[in-house]
Amino acid sequence: TKKVILDCDPGHDDAISIILAASNISDLKIEAITTVAGNVEVEKNTQNTLKVCDMIGLTDVPVAQGVERPLVKEREIAEEIHGDTGLDGPDLPEIPTKQAIDQHGVDLIIEKVLNAGDDITLVPTGPLTNIALAMIKEPKIIPKIKEIVLMGGGTFGNWTPAAEFNIYVDAEAANVVFNSGVPISMFALDVTHQAIATDEIIEQLSNIDNATAHFVVELLVFFKKTYKEVFGFSGPPIHDACTVAYLLDPSIFKCQHVRVDVETKGEFSYGMTVVDKLKTTGKDPNVHFAYELNFDKFWDLMTKALQSYQTQ
Ligand code: BDR
Ligand code: CA
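Since the model is a prediction, treat every value here as computed from it, not as a measurement. (Residues numbered from 1 in each chain as written. Chains lettered and ligands numbered in written order. Predicted model: local features only at pLDDT ≥ 70, side-chain atom pairs only at ≥ 80, totals over all residues.)

> Quick rundown of the overall build of the chain? Include the residues and the values.
Scanning the chain from terminus to terminus reveals 12 helices and 10 strands. In terms of C-alpha radius of gyration, the chain reaches 18 Å, essentially the compact-globule figure of 20 Å for 312 residues. Taken along the three principal axes of its C-alpha coordinates, the chain extends 55 × 40 × 35 Å. Counting all 312 residues of the chain, 51% fall into the buried class. Restricting to contacts in the chain with at least 6 residues of sequence separation, those with at least 24 account for 83%. (Helix = DSSP H or I, 4+ residues; strand = E, 2+ residues; numbered from the N terminus. Rg over C-alpha atoms; globule rule 2.2 N^0.38 Å. Buried ≥ 20, exposed ≤ 12 C-beta atoms within 10 Å, placed from the backbone. Contact = placed C-beta atoms within 7 Å.)

Printed below as a string of structure tokens:
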């Protein structure tokens, strides 16, 4: 069993990532879920997390709200991709039953990592503000974090030509994390754009008869619409779920161990992740960069995960 903390901003693909992690085929122990400002304001991301937990019966995992804005920059959100609520599409209750705990998300991360035996993996699928702040507030956690398995970055961008959304929103935070010395596995656009929910896949998932699978299909239908409108894609990439898929079955991915630095100054390249594929810097690698995904294995895993939810 691997212990994980999911740090997220649900977000359609964040929600699917939580659902994969909490499924009955998963051997992950979710120690906590923390939320961060990203796709929408942190309060909305927290409400969405709680609603997802309600939906899948995840009652025993603490949810704590984290930081409401990036370290340095103004806040920026991605409503055109995820809708006003951050989780538009499915019909969700106004108010979740589950409540967030009183503790701040950053403090919960610190507490969990300090009290664990060097075996907690952090899984950030939003901007890296909470993780950076936790490292700054309590540096003793840094050598204790087993690994960071994150979604972010790429050798091209989706928010600017150079930068992916999660890294662009808080490149200063990303810079802290990428230079922390903690082993990082990175699921960037290069690989997440291979995790496409095609029409055939959506059809396949819609044949699974339980409430969680129906919910995921509703998420995918909305996500498909915005990805078509904004990027002209025929199917949406399920970016964030690549992190959890990797933890459940690393053989789905091919990775290269490389040096990655985060641009925090460039006029056109702010938030870019600079991937040293050909080892031009001579710097030690800091990232396992996933560059290839086995499509069939990825969707088999997702299908089995959704089938593992009880029929309701
Ligand atoms: C990332 O940005 C968000 O919109 C998604 O949830 C994902 O984490 C993709 O660039
Ligand atoms: Ca996300």
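> Explain the pairing of strand S1 (residues 2-8) residue by residue, including any values.
Across the seven residues of S1, five count as buried, placing the element largely inside the fold. Here S1 runs beside strand S2 (residues 28-35); their pairing, made up of seven bridges, is parallel. From the neighbouring strand, lysine 2 faces S2, where its bridge partner is leucine 28. Viewed along the sheet, the connection from S1 through helix H1 (residues 12-21) into S2 turns out right-handed. (Pairing = 2+ DSSP bridges. Right-handed = clockwise from strand over helix to strand, strands pointing away.)

> Give me the lowdown on the packing of H1 against helix H10 (residues 211-231), citing residues and values where you can.
Two numbers describe how H1 lies on H10: the axes approach to 10 Å, and their chain directions differ by 155°. The pairing of H1 with H10 is recorded here as roughly antiparallel in orientation. Here H1 runs over H10; the crossing is left-handed. Contacts between H1 and H10 involve His12, Ala15, Ile16 and Ile19 from the former and Thr212, Val216, Leu219, Phe222 and Phe223 from the latter. Broken down by class, the residue content of the contact of H1 with H10 amounts to seven nonpolar, two polar and no charged. (Axes fitted to C-alpha atoms, helices over the stretch in contact; angles between N-to-C directions. Parallel < 35°, antiparallel > 145°, perpendicular 65-115°, else oblique. Left-handed = near helix turned anticlockwise from the far one by under 90°. Nonpolar A, V, L, I, M, F, W, Y, C, P; charged D, E, K, R; others polar.)

> Help me get a handle on the environment of alanine 116, residues and values and all.
Its place among the elements puts alanine 116 in the loop between helix H4 (105-115) and strand S4 (120-124). In sequence terms alanine 116 and isoleucine 145 are 29 residues apart; their C-alpha atoms lie 9.2 Å from each other.

> Before we move on, could you go through the environment of serine 185 and cite the residues and values that matter?
Relative to the helices and strands, serine 185 is located in strand S6 (residues 184-187). Taking the C-alpha atoms as reference, serine 185 lies 22 Å from asparagine 39; in sequence the two are 146 residues apart. Serine 185 has contacts with Glu147, Val149, Tyr246, Cys255, His288 and Ala290, leaving out every residue within four places of it along the chain.

> For unusual backbone geometry, give the residues involved together with the corresponding values.
Phi is mostly negative for residues that are not glycine, and the peptide bonds are mostly trans. The omega angle of the peptide bond from proline 10 to glycine 11 is -10°, so this bond is cis rather than trans. Positive phi values are uncommon outside glycine, yet lysine 279 reaches one of about 55°. Mapped onto the fold, lysine 279 is located in the loop between strand S9 (273-275) and strand S10 (287-293). You can call lysine 279 exposed: it has 10 C-beta atoms within 10 Å.

> Outline the sheet that holds strand S3 (residues 63-65), listing residues and values.
Strand order in the open sheet formed by eight strands is S3-S2-S1-S4-S5-S6-S10-S7, and the pairing between neighbours is mixed. Since the sheet does not close on itself, it has two edges, and those belong to S3 and strand S7 (253-258), each with one partner. Between one strand axis and the next, the sheet turns by 25° as a mean value, whatever way the strands run. Relative to S3, S2 runs parallel, the two being bridged by three bridges. Residue pairing for S3: threonine 35 is matched across the bridge by glutamine 65. Along the sheet, H4 contacts S1, S2, S3, S4 and strand S5 (145-151); its crossing angle with S2, the most-contacted strand, is approximately 150°.

> Describe in detail helix H7 (residues 171-178), supporting the description with residues and values.
The element H7 is extensively covered by neighbouring structure, given that six of its eight residues are classed as buried. Here H7 has its buried residues at Ala171, Ala173, Ala174, Val176, Val177 and Phe178. Summarising the contacts, the buried residues of H7 are in contact with helix H5 (129-137), S5, helix H6 (165-169), S6 and strand S8 (260-262).

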